[in-house]
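Chain by chain, the residues:
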Amino acid sequence: MDKILEGLVSSDHSVPVKRAIVKKVMEAAEKEVTEEQCQALFTLTTRLILLGEDAFQKQIGLQVLDAYARYHRPEFEHFFNKEFALSLLQQGHGQLDHRDPAIIDYIHCCLRLLISCPSVLEIFSVIQVEVLRMVCERPQPAFCAHLCTLLSDFMQCIPRDKSGVLFCQQLVRTISCFQCFASQERELKEYVEQVTKVSTLLQNIWKADPTTLLPSLQEVFTIISSTDPSFEPSIALASLVQHIPVQMIVMLIKSLTTDQNVRDGCMTQALCRIIDWLSWPLAQHVDTWVIALLKGLAAVQKFTILIDVTLLKIELVFSRLWYPIVRQGALAVLSHMLLSFQHSPEAFHLVVPRVVDLVKSLKTDGLPTSKAFLLQFTELMHCMVYQYSGFPDLYDHILEAIKDLPKPSEKKMLLVLNQSAWTSQSNSFASGILRQAGKSETGKTGLINLGNTCFMNSIIQTLFMATDFKRHVLALHINASNTLMKKLQLLFAFLAHTQRAAYAPKTFLEASRPPWFNMGSQQDCSEYLRFLLDRMHEEEKTLQVLESTKPKLAPLVDASSKDPTCLTSSEEHKESCLTRADSTPADDQRTLIERMFGGKLITGIRCMQCNCISEKEEPFTDLSLAFCPSASSQNSHKSQGPSEEPKVLCQGSVNGGSEAPEPDSASSLATSIQYEPVTNENPLSVPDLVNYFLAPEILDEDNAYFCETCGSLQRAERTLKVVSSPEYLILTLLRFSYDAKCHIRRKILDNVTIPPALILPVHTPSTPALWPSASSSPLQVDSPESNENLAKKLKPSQGEEERARINEEERNRAGGTLVQSVPYLLSSVVVHSGISSESGHYYSYGRNINGADGAQHPSCHSAVGEDLATCNLCTPVQGDIQTSSGPEAREWLLFNDSRVTFTSLQSAQNITKRFPKDTAYVLMYRKQEQNLNRGVANGMTISTEPPLQKELLDAIIKDNKLYLQEQELSARTQVLQASSSSCSFRPNGSDDNNPPGSCGPSGGGGGGGGFNTISRLVF
């Protein structure tokens, strides 16, 4: 029969004739055949299968072998024994090499025919040894794929135990040696299928024996972390990632990032190669592993690796966005890289030139997934342009290309950026000793306490949260590097863009500290604020004077000029150049401090004998609000009458009776305690104190007024009117009183209700009467002359007839004077914690608002012609203002030195109720513009910050890189010292060197300290 078959194969008969004869040969297999004939047929069919000249011969060989092996199983078992299998695997067959895939296919076929025979177990044991040897020889992808197909069908051939672990490791290394030389799509698909078969076998082995998984992955890392320049692992390793359980990511990444035996160079190489895997088609979860590894490295502060890898691979990742099959994973990795690389725009600027072309391609390629992908990509671009504003020449064409696509809200962009920074990554991968505090969830930066500097920190954060002022400061072009405004600009830039959780304002402290403030001593934040604003005002005035004396050939740069530098003719001129970068009219010579915080008061004195009136206009930057006598010095007198009466006084009531306190009453102020107790009466409100400040005051007896008309001391009435309202209204509550009899300072702990909005009465000034304007004097609230009698204002002992008479006189004097009701919205609150003026702690509440913020209420738009008796009063805004729920509940922030947390307005309003020694001290209200058509979201509009000037951006980039290096060095040092060092931290409280709520020893701050200037005290 074998001769017939051999002659048939070599004959010239047609294929149909040959097939018919072969069919007869196969039917003869059912008949009895001698063992010699079977052996001859098996030998012939084996030769046809392995060495056949064409596919027809190989097909005939397989058909005849299958037929005779089924009917003559013992003979075939004797033919295909373990010795024959071993010779095929080691030597091949004839001219056929043992590494030819045909050898594996033939053995695979024979094993299927012998699967029920006992002798097959011996063959399995031979194959177990041989496959390990063959894998170590690094076979080609085709042979390896055929071998893995055999092993997938016959798992008994896979090595076991230690040999099984070694087999998996060697198979991984074999995959790393695969090379694809395909030039056509068909060849590429074939290569991908071959690699997939190999990776599928490994997946099956890992499932059957989980102990082989971790050693296999360790081998993968060893391969991809190799720094041998002569070896480049195959990208085919990417096919393994999709078979690794996602649940193992945390454990594996932690093992890699915390292993001290892994050198940075190896980790960098490994991460770069994993990113290369994004190019592998059909691979799943590669992006998940890349992002997890990036986060893991950030968590253990290995920022050098992250910087190097991002700059090396960002362009490659971006190029993968052009290929739909790998596009989505590449975008996930690109987004994480760009959003986390926040210390510098360098990475983003590497891909900027390619953005427009990609957007155009996505708009026109017609793929159903391109539209959704384009929206995601556009959102990423908006976030990056927002983060690195200040490069219009680079970004204009990008914004033009995506202008017709939706833009995310500013809140969403801020949230995405805050959650993505390296310093915001979860430190769950790091051990306790490695965990370091990143930026809080607020995204805001705290200020490190440099030794009892909470007075400065609270004021800086208050000014920083005054968004319009901050925007103007950042937009200034200041060439005078030694000015205080320049240092404030740099400080604001760092607060807005630093990667640090808390910034140390050492330079600003040295420049802004008043000369009489001793370093390390307790100081008054209100006094510091006054000094700071006055100093910056005077500096700008000085620069204006210097500019006015310069020759016309060297003018200041025009405010509308786009050139950020000042065109000067000399270095001297350059040093004094300060240019506004806003829309302020050119003829407005007011300083920035005047425009933001400056207001004007008119002090009028009317002789009650001749009715002659003298007026004087004075500038102010804050209003110092004294407490009503009934609320502080007289709250212990129970014979004062009903508790409602002090309320009437503080709303601006006047009378003509006995105005001055009795001597006995004054002396009763002296007590042995150092603070005023909180009363159970209805608390005063901020408008009450403002009204008391503005209430008429009678001057008589020892304080009588010398009237020039009468030529003698006369009884007179002094009034204060606000005639120009500031953009930011600063109110200081004078809580620190001095007892002249006992010579002690006391703190008034009365609770004061803080309304979220109030109405300030502003009078249109009439023609100045007798006194000249004091506009040229330094910025200040009021002079000592206007402060000394604040406590002598009228008390609620006056009768109804007297009050009615004075109100009528006020109406008559007002005549055509207009009173505008100017609405203000609460911006910040500085709180003093402590029971005396010599010790304590400052912290502040702040809200990010601008002129269009806040709900507009009918009461904010009172008619000008309403009753003057009401218009002359400061009143809280009535209406439903959402402050504790919804989106606005997280708009309020608590700044406590380096700690920044979300809070609510109610926390600030109720602070004294919950903590009696914590009282509001300095308040800042923002003027609300009326009839604005700008969009308001949730009652609030966050103003966009101006682009950073190059020198500011360079300083921030330099410091951010330094910070990342510091974090990395610190993490490494802590790991080395972990066995001997202990971790101590202060989870709560202030950063001062005294108990919480204290900024120094209870004995006080010493000479030149806070709260010891006369203008700060209430007598």
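Residues numbered from 1 in each chain as written. Predicted model: local features only at pLDDT ≥ 70, side-chain atom pairs only at ≥ 80, totals over all residues. Heavy atoms only, no water.

A. Here's a closer look at the overall build of the chain. Looking only at helices and strands, one finds 38 helices and 24 strands in the chain. Every one of the 1019 residues in the chain was classed for burial, and the buried ones make up 53%. The long-range share in the chain, meaning contacts at least 24 apart out of those at least 6 apart in sequence, stands at 79%. For the chain, the computed accessible surface area is about 45000 Å², with 54% contributed by carbon and sulfur atoms. (Helix = DSSP H or I, 4+ residues; strand = E, 2+ residues; numbered from the N terminus. Buried < 20%, exposed > 50% of the residue type's maximum accessible area, 1.4 Å probe, protein only. Contact = heavy atoms within 4.5 Å. Areas by Shrake-Rupley, 256 points an atom, 1.4 Å probe, with all protein chains shown as cover.)

B. How the structure looks around the pairing of strand 15 (residues 736-739). Bridge count between strand 15 and strand 16 (residues 744-748): four bridges; the pairing is antiparallel. Counted as the bridge partner of Tyr738 is Arg745 from strand 16. Following strand 15, the chain reverses through four residues before pairing antiparallel with strand 16; His743 in that reversal takes a positive phi of roughly 55°. (Pairing = 2+ DSSP bridges.)

C. Main features of the pairing of strand 5 (residues 599-607). Most of strand 5 sits inside the fold, with eight of its nine residues counted as buried. Relative to strand 6 (residues 613-620), strand 5 runs antiparallel, the two sharing eight bridges. Its bridge partner lying in strand 6, Thr603 is registered against Lys616. Between strand 5 and strand 6, which pair antiparallel and follow one another directly, the connecting turn spans five residues, one of which, Asn611, has a positive phi of 60°. Pairing analysis gives eight bridges linking strand 5 to strand 13 (residues 716-724), with the strands arranged antiparallel.

D. Broad picture of the environment of Leu734. You can see Leu734 is positioned in the loop between strand 14 (728-733) and strand 15. Using a relative accessible area of 3% as the deciding quantity, one classes Leu734 as buried. A sequence separation of 109 residues divides Leu734 from Leu625, and the C-alpha atoms of the two residues are 5.8 Å apart.

E. How the structure looks around the sheet that holds strand 5. The four strands are arranged 6-5-13-10 in an open sheet whose pairing can be described as antiparallel. Of all strands in the sheet, those bounded by a partner on one side alone are strand 6 and strand 10 (697-699). The sheet shows a mean angle of 25° between the axes of neighbouring strands, taken without regard to direction. (Axes fitted to C-alpha atoms, helices over the stretch in contact; angles between N-to-C directions.)

F. Broad picture of the environment of Ile613. Along the chain, Ile613 turns up in strand 6. Taking relative accessible area as the criterion, Ile613 reaches 32% and is therefore assigned partly exposed. The spatial distance from the C-alpha of Ile613 to the C-alpha of Cys707 is 9.5 Å, given a sequence separation of 94 residues.

G. Layout of unusual backbone geometry. Its identity as a non-glycine residue notwithstanding, Asp161 has a phi of 55°, on the positive side. Structurally, the position occupied by Asp161 is in helix 10 (residues 161-176). Given a relative accessible area of 63%, Asp161 falls into the exposed group. Of note, the phi angle at His285 is positive, near 70°, even though the residue is not glycine.

H. Representation of the packing of aromatic side chains in the model. Under the criterion given, the structure shown has 23 aromatic pairs. Where Phe455 meets Tyr528, the ring centres are 5.3 Å apart and the plane angle is 85°; that geometry is what we call edge-to-face. Placement of Phe455 in helix 23 (residues 454-464) and of Tyr528 in helix 27 (residues 525-548) is noted, with a sequence separation of 73 residues between them. Of the two residues examined, Phe455 and Tyr528, each falls in the buried class. Between Phe494 and Tyr503 the ring centres are 4.7 Å apart and the planes differ by 15°, which places this aromatic pair in the stacked class. A relative accessible area of 5% means that Phe494 is categorised as buried. Since its relative accessible area comes to 16%, Tyr503 is described here as buried. One aromatic cluster is present, formed by Phe42, Phe76, Phe79, Phe80, Phe84 and Tyr106 through successive ring pairs. Stacked on the ring of Phe373, the Lys or Arg Arg327 has its end atom at 5.2 Å from the ring centre. (Phe/Tyr/Trp six-rings, centres within 6.5 Å; stacked < 30°, edge-to-face > 60°. Lys NZ or Arg CZ within 6 Å of the ring centre and 35° of its normal.)

I. Up close: the confidence of the model for the chain. When pLDDT is averaged along the chain, the result is 76; 73% of the residues meet or exceed 70. Here residues 553-576 is a poorly scored stretch, pLDDT under 50, and it has 34 contacts once near neighbours within four places are set aside; other chains count. Contacts for the low-pLDDT stretch residues 979-1019, under 50 throughout, to residues beyond four places or in other chains number 102 contacts. (pLDDT = per-residue confidence, 0-100.)

J. Just helix 18 (residues 327-340), in detail. Its 14 residues place the ends of helix 18 20 Å apart at the C-alpha level, agreeing with the 20 Å of an ideal helix rising 1.5 Å per residue. With twelve of 14 residues buried, helix 18 lies mostly within the body of the structure. What helix 18 keeps buried is the set Arg327, Gly329, Ala330, Leu331, Val333, Leu334, Ser335, His336, Met337, Leu338, Leu339 and Ser340. Residues of helix 18 that are buried sit in contact with helix 15 (264-276), helix 16 (286-299), helix 17 (303-319), helix 19 (346-364), helix 20 (370-387) and helix 22 (410-420). (Expected span 1.5 Å × (residues − 1).)

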